[in-house]
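Descriptive structure summary
Here are the chains, one letter per residue:
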Amino acid sequence: MLGCKLNLPTITEYETFLENEILKPTGMKKLERYYDNTVVSMKKDFGESDFFGELKNKMQTYNDEYTMDRTYSLLTTQDPIEILTKPFDSMITKCFRKDILNNTRWKEEGFSFESDYVWINPLNCFVELTDILRTRISAKYLDGPVFLLDKLIQLAESNGLEHNHEYKADEEGYYAIHFYTEFPFEITDLEFESINIKSKVEFQLNTGIQNLIIDLTHKYYEEKRMKALSPDDKWQWDYSCDEFIPNYLGHIIHYIEGMIMEVRERPE
Amino acid sequence: MSLLEYLKEVGASEPLIEKALKMLEIAKEICPENIDDHFISESYKKNGERVFESLWFFSKKFILESKRMMSKRTNIDIMCHFMNIDRYEIKWLEYDPTNPEEETRNSRLIIEGQLGIIEFLMKASGSNCPKLWAIIGKYIVPNIVKMIKQSE
């Protein structure tokens, strides 16, 4: 975060800039329909892809392989893997964070909306953002996400797909492994011409208990991400603030899950 | 039907099939008779997870069990079932034993009983129910009926 001393544009000013300069003459309303239609099409294509089909078919095999090696079940649920799409408003919010709140160019003297910069917007977001399509797979135990990561890497490579991953361990108590696979999509532009793009699909690998924490703390996480915080804002020292308990819950749960693993792996 | 075909039909995964085929090889080594039949005991948990439990092998006089198939554990035991079944109880749900081939996804069939001093338990769900019913008819019923005839 850059800090509120920089006097960054607000989200309203950002949206106005997008509508008047970048998205002109189409306008935000029409672009929202275009965005929604495009992500529906991308979701369908990814859902019908060989990679995703193979993943769905192999989940039982992965579960059994893990169980036969470690005795316990891999997954928390037998529900099918669900592909989620980023809602339009959420996409705009993310663009605002990337273009404004987390954009270090604003530190430069004279940097403004008129500067030479590629703004992320509803037209190029499918390539620039990594979670237009995402899914979440939850494991029962703390070693599950790493096991799943290994399987996803193998699957991506056998399907000839580029991939990368990040081990997430945030200050706010968010723990997960994010796996990204770059997938080819054929979408249409505003003139209904076909264009080929590559968009990253995000797989969030975590544990079932961490999922509960995410659902509880998500709103605090989102509120904080939308603020230009001052370097003096330290929730860790403000025990009465809204984030204090939910954030530490995430850390405590992660620690407890480590302790559960230690007990689980003790010899019989 | 071969063990491989049977396991594929009941939806066993590759790791389980691999272990089962190894257990079959061991069973053939330790059983003095030809292995004529097989059955995998399985059930569904409340969360919908299907759990494969023991793998059973049958010959004319012997019954073999490999417990906890879904674990690292490798084990197999052998007992004589010939005229050796003391008692058994059959339970079923959404399944008609008088029409054993008519099963649904929700069909459940369980047999538990006593083989000498050892208790046995076999469970089947869905399309596996007719297989268990056939096993009961071929290996369980004749070996308690014979005991009844002996005591007459």
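Now for a quick tour of the structure. Here the structure is a predicted model, which means the values were calculated and not measured. (Residues numbered from 1 in each chain as written. Chains lettered and ligands numbered in written order. Predicted model: local features only at pLDDT ≥ 70, side-chain atom pairs only at ≥ 80, totals over all residues. Heavy atoms only, no water.)

What to know about the interface of chain B and chain A
Under the convention used in this document: For this analysis, residues touch if any pair of their heavy atoms sits within 4.5 Å. The quantity reported as buried area is the accessible area (1.4 Å probe) lost by two parts once they are put together, taken as the sum for both. Basic side-chain nitrogens of Lys or Arg form a salt bridge, by our definition, when they fall within 4 Å of a carboxyl oxygen of Asp or Glu. Gly counts as polar in this scheme, as do all residues outside two lists: the nonpolar Ala, Val, Leu, Ile, Met, Phe, Trp, Tyr, Cys and Pro, and the charged Asp, Glu, Lys and Arg.
Facing the 14 residues of chain B at the interface are 13 residues of chain A. In this assembly, chain B packs against chain A so that about 1,200 Å² is buried in total across both faces, 52% of it on carbon and sulfur atoms. Three residues stand out in chain B for area buried against chain A, namely P15, E49 and M70 of chain B, and they jointly supply 42% of the buried area on that side. Our count for the chain B to chain A interface comes out at one salt bridge. In terms of residue class, the side of chain B that touches chain A is built from four nonpolar, four polar and six charged.

Considering the nonpolar core
As a reminder, the rule being used: Within this scheme, the nonpolar core is defined by two criteria: the residues are buried Ala, Val, Leu, Ile, Met, Phe, Trp, Tyr or Cys, and they are joined through side-chain atoms within 4.5 Å. Exposure categories follow from relative accessible area, calculated using a 1.4 Å probe and restricted to protein chains: below 20% of the type maximum is buried, above 50% is exposed, and the middle band is partly exposed.
Ranked by size, the top nonpolar core spans 60 residues in total, and within it F46, F126 and F203 of chain A carry the most contacts. With near-sequence residues (within four places) excluded, F203 of chain A lies in contact with F46, F51, L55, T135, I137, L152, I177, H178, F179 and T181 of chain A. Listed in part, the 40 residues of the second largest apolar core include A12, F57, M122 and I135 of chain B.

Thoughts on the state of the cysteines
This is how the line gets drawn: Disulfides are defined as pairs of cysteine sulfur atoms found within 2.5 Å of each other.
What the rule picks out here adds up to zero disulfides over all chains. Not part of a disulfide, C95 of chain A finds its nearest cysteine sulfur in C125 of chain A, a span of 5.8 Å. Looking at C80 of chain B, it has no disulfide partner, and the nearest cysteine sulfur is the one in C31 of chain B, 10.0 Å off. The exposure class of C80 of chain B is partly exposed, given its relative accessible area of 30%.

As for the sheet that holds strand β3 (residues 162-169) of chain A
Residue and element names in this part refer to chain A. The criterion, for reference: Paired strands, in this sense, are two strands between which DSSP finds at least two bridges. Only DSSP runs of H or I covering at least 4 residues are called helices, and only runs of E covering at least 2 are called strands; the numbering of each starts at the N terminus. To obtain each axis, a line is fitted to C-alpha atoms, and for helices this fit is confined to the stretch in contact; angles are then taken between N-to-C directions over 0 to 180 degrees.
Taken together, five strands build an open sheet; the order of strands is β1-β2-β5-β4-β3 and the sheet is mixed. Of all strands in the sheet, those with a lone pairing partner are β1 (84-85) and β3, marking the two edges. Note that strand β2 (residues 133-139) and strand β5 (residues 194-207) share seven bridges and pair parallel. Following the sheet pairing, R136 is matched in β5 by Q204. Of the strands in this sheet, β1, β2, β4 (175-188) and β5 are in contact with helix α2 (residues 28-47), which crosses β4 at around 105°.

A few points about the pattern of salt bridges
Using the criterion set out here, one finds 22 salt bridges over all chains in the structure. One salt bridge connects D143 of chain A with R70 of chain A, and the closest N-O pair in it is separated by 2.9 Å. Separated by 73 residues along the polypeptide, D143 of chain A in the loop between β2 and α6 (144-158) and R70 of chain A in helix α3 (residues 50-70) bring together distant segments of the chain. Of the residues examined, D143 of chain A reaches a relative accessible area of 13% and is grouped as buried. Taking the shortest distance from any N to any O, the salt bridge between D77 of chain B and K67 of chain B comes out at 2.6 Å. Of this pair, D77 of chain B sits in strand β4 (residues 77-80) while K67 of chain B sits in the loop between β3 (62-66) and β4, and the two are 10 residues apart along the sequence. Its relative accessible area of 30% is what places D77 of chain B among the partly exposed residues. On the basis of relative accessible area, K67 of chain B is assigned to the partly exposed category, the value being 29%. Each of the salt bridges in this network shares a partner with another, and the network as a whole consists of D69, R70, D143 and R264 of chain A together with K72 of chain B.

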